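Overview (structure and organization)
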Amino acid sequence: MVTKARNLYLIPYAMWIALFVIAPIVLIVYYSFFDVNGAFTFDNYAKFFTPVYLRMTFNSFWYALLITFFSLLVAYPTAYLLTRTKHKQLWLLLIILPSWINLLLKAYAFIGLFGTYGLTNAVLETLGIGTQQILFTDFSFVFVSVYIFIPFMVLPIYNALEELNPTLVYASRDLGASWWTTFRRVVFPLTLDGVKSGAQAVFIPALSLFMITRLIAGNRVITLGTAIEQHFLVTQDWGMGATIAVFLIIAMALIMLVTGNRR
Amino acid sequence: MNKKGARLANLYLIAVFAILYAPIAYLMAYSFNSGGTMHGWDGFTLEWYGEVFADTRLLIIVLNTFVIALLSSAISTILGVIGALAIRHVRRRQPRNALLSLNNVLIVSPDVIIGASFLILFTMIGIKLGFTSVLLSHIAFSVPIVVLMVLPKLQEMSPSLIDAARDLGASGWDVLTKVVLPYIKPGIFAGFFMALTYSLDDFAVTFFVTGNGFSTLSVEIYSRARQGVSLSINALSTLLFLFTVLLVIGYYFINQRASRSQARGAEGGRAVR
Amino acid sequence: MRQLVQMFAAVFIVAFGLMYATSLLNSSQGYSGGNTLTIYNWGDYIDPDLLAEFEEESGVKVIYQTFDSNEAMMTKIEQGGTTFDISVPSEYAISKMKEENLLLPIDHSKLPNLKHIDERFMNLSFDPDNEYSVPYFWGTVGIVYNPDLLEGEAPTSWNDLWDPSLRNNILLVDGAREVIGFGLNSLRYSLNDTNEDHLQEAKRKLDALTPNVKAIVGDEIKMLLANEEAAVGVVWSGDASEIMTENEKLDYVVPEEGSNLWFDNMVIPKTARNIEGAYAFMNFMLEPEHAARNAEYVGYSTPNKEALALLPEDISGDTRFYPSPELTEKLEVYDNLGKKMLAHYNELFLEFKMHRK
């Protein structure tokens, strides 16, 4: 009786999985076997293994890796320093807040900031460096992506750091370990779970970025997400779009498996 | 850390915040530009703010956006906590990883696919497009992030804590409400705010599943973008942003006062005993 | 725990309060009443004053919803579940929607103002006898350029885009048919060409253009060109006229090899409920005075010849937007190439985008 009651409350979550996860996956896999004219085919899968799509896959992974790396590079010290501030909860909220402003508006602001006659170039000009092309480069793409994903990386790392038992750090310092050794041997390993979930929360969506590939990278960067958007909204080749999605889902499952908790 | 290190640390944080808020400051500054575009400065005006308040349709859309965001994040937080409990319940590694992967499918799937498949789903089930369909999809895509935020907290909770509570005669419900939930509270809040973020930011999914005149702010902004975003949108964003900042800061300090007096009360109680 | 309960209670109370406020606002605006007309149009593609006038004249409350691509709009209409009484697709989308039975036939006898439309824009290949659609706006695809930023001569043809002086100085619109189309046009092929050799030749020629291309963008192209982010842009004429109002230095030319002639027409989707209202609205918009005001507001070319006569000379006499008959001869309307061919065009465009300098 007790176990029954206990399992009863799981029903809403199970329903959510069935309706909004399993059903869409089934739909996507189903669609991936049809061509533009609605005939059954395996062509989409064959097409995925042509150089164009393989290169696109490689590009997506490469950029997602870069974005995750730089997000971590910026987010870890941020989270670490945040835990040391007074009113740390408030500062954390203020890290999340910018993501509540519409992404398109922020992208337009970045276009303004990075443009040939934008603020950044005006600063570079007065510094004597001279006007550079910032917009529509790999740099601006990675920069803006990192900007978008920062809160998703800071939050889990911050939580992990908060959990860290300070006595461990004191002990290590008392034993004569330098700050860097303490960090490398004690702090970082103990917050690895936070880093992992942060990396997952950044890497996986970064694989399927779109829109800013157009707005900020001027379509010089084509990711799997861009291709899917194109197939669903422009070509209306839902089969090919669904096929790419199937591969993305497989990639996601693999990533989860590799970085998954071993405990 | 020594003094120099502390100063360096502050400098770093200031730089991070400066970059995070730079585009927002840019948007806000231009909401006062009489030139009508987001480049070149023609002069100061409050015209765009007037336009916001004259546009009833826009106000309705803003309210809709908030209703959807609040409701969907609250409901998805509840669902997500349940989900995290469920996943923790699974002891064996493989099925747990499988469950986690299922959970994360919606995070990895591009919005366009989620939107398109939800649209097919809703029309198949016969749900009328509009408020209900948008609310349901926002709940749907916010659940996984809540789970991801809550799960680590649950996992680090030592089982002995629960055992101790049980030994003391606590019922299942008591363990949940008196031990587990208070412990994972930070995760729940983080999940709620992330869900709010997802909901406020979403365009593609809403775009697909909305209909019958119902619209949210991001959909409206995207459709207006065709002619170049009007500065009244900047004005609106400025207002909303300042409003949220005030709300967050106000909430934080009220909360702090409350928890401080609570802590003092607890201490007092102990002293009496 | 108490804190959690309090927070969730507060969230729900606020949400329901806001919902109540919304419903009050909705009913005060008349949106919840029965007599409404839902228009599904491109963003900001109509003079809002005209909408207000129509509401007053007919007593119908207009719900104006917008889309940003023909494909997204078609998906919504195809799936149903929502009401649209009027939509404004482009010509290739009209022929597609016709094939898929997404449109209701139009009864010309209910549209007395249809007579004001120029004969040239009636009875075109995508909709013979205008059985399903009524012209709304038309235009071309061409080159916008900024004389101040050019090193060489002003471009007059597609082939001028390959000039080495334009290195990293061209913005292209993100459209497969537009870009592959001008590639074909520059080789003097038809932009409806389906010959594989011709297409590959055009693709190779476009690849050679890559060093000159700064970015391939969407609607932002207007803002970017007005901000002088690049010297040259390939755009639709309607966008060009907006850019030129924004920044008067810029100029527009329809290339001499020929180009695309496009139409956006009003249709009644099969999801329509208020069909009488839809006819009333179309007739209202076909009224020359209204069409003229709309053309002035939107900046696109009107197919309404009576309206054209009402427009000031500097608009109606502008050959960039109302090209001469000789040039019009060279313009082609996109044919519906079929899904397979269209997918192939998109595939080529994708490969072009991925081609690195």
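Given the structure is predicted, the values throughout are model-derived calculations rather than measurements. (Residues numbered from 1 in each chain as written. Chains lettered and ligands numbered in written order. Predicted model: local features only at pLDDT ≥ 70, side-chain atom pairs only at ≥ 80, totals over all residues. Heavy atoms only, no water.)

**Things to note about the UniProt feature "transmembrane region" (unreviewed entry) in chain A**
For the record, the criterion: UniProt positions are given in the numbering used here, feature names are shortened, and annotations may be inferred rather than shown by experiment. Under the DSSP-based scheme used, a helix requires at least four consecutive residues in state H or I and a strand at least two consecutive residues in state E, with every element numbered from the N terminus.
Per the UniProt record, "transmembrane region" (unreviewed entry) is annotated on residues 12-33, 61-83, 90-114, 134-158, 201-218 and 238-258 of chain A. End-to-end, the C-alpha atoms of residues 61-83 of chain A are 32 Å apart, and along that stretch the chain is 96% helix and 0% strand.

**Quick word on a nonpolar patch on the surface**
To keep things clear, this is the line we draw: By definition, no residue in a patch forms a salt bridge, and every one has over 30% relative accessible area; like charges are joined within 9 Å, nonpolar side chains (Val, Leu, Ile, Met, Phe, Trp, Tyr) within 5 Å. Surface accessibility follows the Shrake-Rupley procedure with a 1.4 Å probe radius. Residue values consider only the protein chains on display as shielding. A side-chain nitrogen of Lys or Arg and a carboxyl oxygen of Asp or Glu constitute a salt bridge if their distance falls within 4 Å. Remark: exposure states derive from per-residue accessible area (1.4 Å probe, protein chains only) relative to the maximum for the residue type, with buried under 20%, exposed over 50%, and partly exposed in between.
Nonpolar side chains collect at one region of the surface, where Leu8(A), Ile11(A), Met15(A), Leu19(A), Met124(B) and Ile125(B) lie side by side and expose about 600 Å² of accessible area between them. When residues of the nonpolar patch are traced back to their parent elements, those giving at least two are helix 2 (11-31) of chain A together with helix 5 (111-125) of chain B. Looking at the nonpolar patch, the element that brings in the most residues is helix 2 of chain A, giving 3 residues. Under the relative-accessibility criterion, Met124(B) is labelled exposed at 60%.

**Let's talk about the interface of chain B and chain A**
Basically, it comes down to this: Here a residue-residue contact requires only that any non-hydrogen atoms of the pair lie within 4.5 Å. Joining two parts hides part of their accessible area as seen by a 1.4 Å probe, and the buried area is that hidden amount summed over both. Side-chain classes are defined by residue name, with Ala, Val, Leu, Ile, Met, Phe, Trp, Tyr, Cys and Pro counting as nonpolar, Asp, Glu, Lys and Arg as charged, and the others, Gly among them, as polar.
If you look at the interface, chain B gives 85 residues, while chain A gives 80 residues. Between chain B and chain A the total buried area reaches about 7,600 Å² when both faces are included, carbon and sulfur atoms providing 79% of it. The interface formed by chain B and chain A includes 1 salt bridge. Note that Lys153(B) is salt-bridged to Glu163(A), the shortest N-O span being 2.2 Å. The residue makeup of the side of chain B that touches chain A, split by class, is 63 nonpolar, 15 polar and 7 charged.

**Describing unusual backbone geometry**
Of note in the backbone geometry, Phe136(A) takes a positive phi value of approximately 65° without being a glycine. Structurally, Phe136(A) can be placed in the loop between helix 7 (119-126) and helix 8 (138-163). Phi angles above zero are rare outside glycine, and Asp129(C) is one such case at about 60°. Along the chain, the position of Asp129(C) falls in the loop between helix 4 (91-99) and strand 4 (133-145).

**A look at the packing of aromatic side chains**
Condition: What counts as a ring pair is set by centres within 6.5 Å for rings of Phe, Tyr and Trp (its six-membered ring), and what kind of pair is set by the plane angle: stacked under 30 degrees, edge-to-face over 60, tilted for all other angles.
For the coordinates displayed, the defined rule picks out 68 aromatic pairs over all chains. Here the aromatic rings of Trp262(C) and Tyr300(C) are separated by 5.5 Å at their centres, their planes lie at 65°, and the arrangement is edge-to-face. In this pair, Trp262(C) is assigned in strand 9 (residues 261-267) and Tyr300(C) in the loop between helix 10 (288-298) and helix 11 (305-310), connecting sequence segments 38 residues apart. In textbook terms, an aromatic cluster arises when at least three aromatic residues are bridged by ring pairs, as seen for Tyr30(A), Tyr31(A), Phe33(A), Phe34(A), Phe40(A), Phe42(A), Tyr45(A), Phe48(A), Phe49(A), Tyr53(A), Trp238(A) and Phe247(A).

**Some details on the environment of Lys305(C)**
All names here are of chain C. Following the sequence through the fold, Lys305 ends up in helix 11. You can call Lys305 partly exposed: its relative accessible area is 37%. Excluding anything up to four places from it in sequence, Lys305 contacts Lys115, His116, Ile117 and Asp118.

**Details of the domain arrangement of chain C**
All names here are of chain C. Note the cut-off: Annotation comment: domain bounds sourced from an automatic or database domain assignment. Identification of polar contacts relies on pairs of N or O atoms within 3.5 Å, with a donor-acceptor requirement for protein atoms, meaning one able to donate a hydrogen and the other able to accept it, and with residues adjacent in sequence counted only if both atoms are side-chain atoms.
Considered domain by domain, chain C is made up of domain 1 (10-135 + 265-322) and domain 2 (139-261 + 327-355). Each of domain 1 and domain 2 has a C-alpha centre, and the two are 28 Å apart. If you look at the interface, domain 1 gives 13 residues, while domain 2 gives 18 residues. Both faces considered, domain 1 and domain 2 share a buried interface measuring about 1,300 Å² in area, 56% of it formed by carbon and sulfur atoms. When the buried surface of domain 1 facing domain 2 is broken down by residue, Tyr300, Arg320 and Phe321 rank first, second and third, together holding 39% of it. Applying the counting rule to domain 1 against domain 2 returns 2 salt bridges. A salt bridge links Glu100 to Lys339; the nearest nitrogen and oxygen atoms lie 3.9 Å apart. Counting every contact that joins domain 1 to domain 2 gives 5 residue pairs in polar contact (both at pLDDT 80 or more). Looking at the side of domain 1 that touches domain 2 element by element, the count peaks at 4 residues for helix 4. Here the side of domain 1 that touches domain 2 is composed, by residue class, of 4 nonpolar, 3 polar and 6 charged.

**Quick notes on the pairing of strand 9 of chain C**
Residues and elements named next belong to chain C. This is how the line gets drawn: At least two bridges found by DSSP between two strands are what make those strands a pair.
Of all 7 residues in strand 9, 7 are buried, a share of seventy percent or more. Going residue by residue along strand 9, you find Leu261, Phe263, Asn265 and Val267 tucked away on one face and Trp262, Asp264 and Met266 tucked away on the opposite face as well. Here strand 4 runs beside strand 9; their pairing, made up of 7 bridges, is antiparallel. The residue of strand 9 that forms the bridge with Gly139 is Trp262.

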